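Remarks on the overall topology
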Amino acid sequence: MALSPARARKRRRLGVVIIAAAILGIAVALVLFALRDTVVFFFGPSEVISRLDDPKLRLQERRFRMGGLVEEGSVRRLEDGKTTEFRITDGPGAFTVRYTGLLPDLFREGQGVVAEGRLDDKGRFIADEVLAKHDENYMPKEVADALKKTGHWQGESEAKP
Amino acid sequence: MSSFFAMGGYAFYVWSSYGAALLILGGIAIFSMVRARQASRRLEELKRAAPHRRRREEAANGA
Amino acid sequence: MHRFANPARFQRLASIILPWSDVLTAGLLVSGLYFALFASPADYQQGETVRIMYIHVPAAWMAMFSYSVMAAASAASLIWKHPLADVAARAAAPIGAGFTAIALITGMLWGEPMWGTWWVWDARLTSVLILFFLYLGYMALVNAIDNPAAAVRAGAILALVGFVNIPIIKFSVDWWNTLHQPASVIKMGGPSIAPSMLLPLVLMALGFHFYFVSVLLRRMRSELDLARVRALEDAIALNSEEAAA
């Protein structure tokens, strides 16, 4: 049952490749696990609340991104005419956000957004950039209207960000 | 028709996307075709120029 | 498997497949473009920009598919020393780089009007950019090494190491919060995309796959021809040296 030398070499090369791939995979998984807070693009409001005093994240001192849905009925223009105030929510948590500048086309109530800025001493989030985040649902307007009418709507205003 | 080209005000973004895809895919396809033609033409030339060396070439190729 | 290792047999097989894959590429892309640009509705949220999806998403799939082909061929070349596998891996790299470039460019052109930014360093966008650099690095490495056997081995190892990036790209939108939205088509519970929009997406994706086959076979062909050209030229040079001596 001895393998020919050529087949033994092939089998050895296969073994080396598999073992190397496994080690590499584990190493990458460990690196990604260690970097999990860095790789995250934004934090949800409830996450910000629960990790506010986390010394690793220092959310009270530094710039970070907050993502969630724009609360229905919360958007208003301030007196200066340029600043928009709205609330970002992810269900359990919510923050008031102030932003001065142009909003993206997709920005609307019930839609997902990601704002970048820092918390002020009153617990408001002062953003200098607001990006719209859209969900993975694609459909024509008529279908969306029909779904809303029949109560089968599972669109962005219910989904988690 | 003009509303088709306007793409609801997003003409630049939509048409640039299709243009970029056409340019890149078309470029790669044409380049690969030209290269394949040149390679096979050169091979035929060499074979015709040196028919008695075919066996040696075959051996060198390991085929 | 080694039945196909014979270059002459491969050339015959390629000339049978090529006309079919060419016709299928053209047919699928023309009908795909018709549905993508004319016969599909605008999105309820994104309006006409949803048409960018019909290029962006299939190109991104192909970027990962091409790399998987390259990695599989590299494994075959490393382990079984399959003579055609290395040719296939090298032929796939520029096609994959092209699809990745398309995915990145159309993604920026889609992100600017919808998200409000051309680019963000979130996990999905960054990992796809890394994929693009892996393709470029692979091509540069293989072309930089003169010794063919060493080039094959170095390229294959780079391609295999880089393959860890593929699952990271795919699952980045599920593992971490990203600005990029999660998958719409390949996910649990079926696609969350209207059938009238799924049709152009599928047609374009199929068209891109046959485009890949057509261009890959052509590139492998010229690579094999060029190898014979080099062998012949060497033989001629050797002969004239012998004659001179």
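Attention now goes to the overall build of chain A. Helices and strands together make up the secondary structure of chain A, namely 4 helices and 6 strands. In chain A, the succession of α and β elements from N to C terminus is α-α-α-β-β-β-β-β-β-α. Since a compact globule built from 161 residues should have a radius of gyration of about 15 Å, the 24 Å found for chain A marks it as more spread out than a globular shape. Over its C-alpha atoms, taken along the principal directions, chain A stretches across nearly 85 × 45 × 25 Å.

Mean pLDDT for chain A: 83, with 92% of residues reaching 70 or above. Counted against residues more than four places away or in other chains, residues 156-161 of chain A, with its pLDDT under 50, gives 14 contacts.

So, on to the packing of aromatic side chains. Across all of its chains, the model carries 21 aromatic pairs over all chains by this definition. Here the aromatic rings of C:Phe171 and C:Trp175 are separated by 5.5 Å at their centres, their planes lie at 25°, and the arrangement is stacked. In this pair, C:Phe171 and C:Trp175 both sit in helix 6 (residues 165-175), 4 residues apart, roughly one turn of the helix. For C:Phe171, a relative accessible area of 35% translates into the label partly exposed. For the pair C:Trp175 and C:Trp176, a centre-to-centre distance of 5.7 Å together with 90° between the ring planes defines the contact as edge-to-face. On the basis of relative accessibility, which here comes to 9%, the residue C:Trp176 falls in the buried class. Taken together, B:Phe4, B:Phe5, B:Trp15, B:Tyr18, C:Tyr34, C:Phe35 and C:Phe38 form an aromatic cluster joined through their ring pairs.

Another point: the interface of chain B and chain C. At the junction of the two partners, chain B supplies 36 residues and chain C supplies 43 residues. Carbon and sulfur atoms supply 73% of the area buried between chain B and chain C, which totals about 3600 Å² over both sides. Our count for the chain B to chain C interface comes out at 2 salt bridges. Put simply, B:Arg35 and C:Glu223 hold a salt bridge, and the shortest N to O gap is 3.3 Å.

We now examine the interface of chain C and chain A. With 42 residues of chain C at the interface, the matching set in chain A holds 36 residues. Together, the buried faces of chain C and chain A total about 3300 Å²; carbon and sulfur atoms form 63% of this surface. The tally of links from chain C across to chain A stands at 0 salt bridges. At the boundary of chain C and chain A, one finds 18 residue pairs in polar contact (both at pLDDT 80 or more). Where the side of chain C that touches chain A is concerned, the elements lending two or more residues are helix 2 (53-79), helix 3 (83-114), helix 5 (148-162) and helix 7 (195-244) of chain C. Tallied by class, the residues present in the side of chain C that touches chain A amount to 26 nonpolar, 12 polar and 4 charged.

About the thresholds
Residues numbered from 1 in each chain as written. Chains lettered and ligands numbered in written order. Predicted model: local features only at pLDDT ≥ 70, side-chain atom pairs only at ≥ 80, totals over all residues. Heavy atoms only, no water. Helix = DSSP H or I, 4+ residues; strand = E, 2+ residues; numbered from the N terminus. Rg over C-alpha atoms; globule rule 2.2 N^0.38 Å. pLDDT = per-residue confidence, 0-100. Contact = heavy atoms within 4.5 Å. Phe/Tyr/Trp six-rings, centres within 6.5 Å; stacked < 30°, edge-to-face > 60°. Buried < 20%, exposed > 50% of the residue type's maximum accessible area, 1.4 Å probe, protein only. Buried area = accessible area lost by both parts, 1.4 Å probe. Salt bridge = Lys/Arg side-chain N within 4 Å of Asp/Glu carboxyl O. Polar contact = N/O pair within 3.5 Å; in protein donor to acceptor, adjacent residues only side chain to side chain. Nonpolar A, V, L, I, M, F, W, Y, C, P; charged D, E, K, R; others polar.

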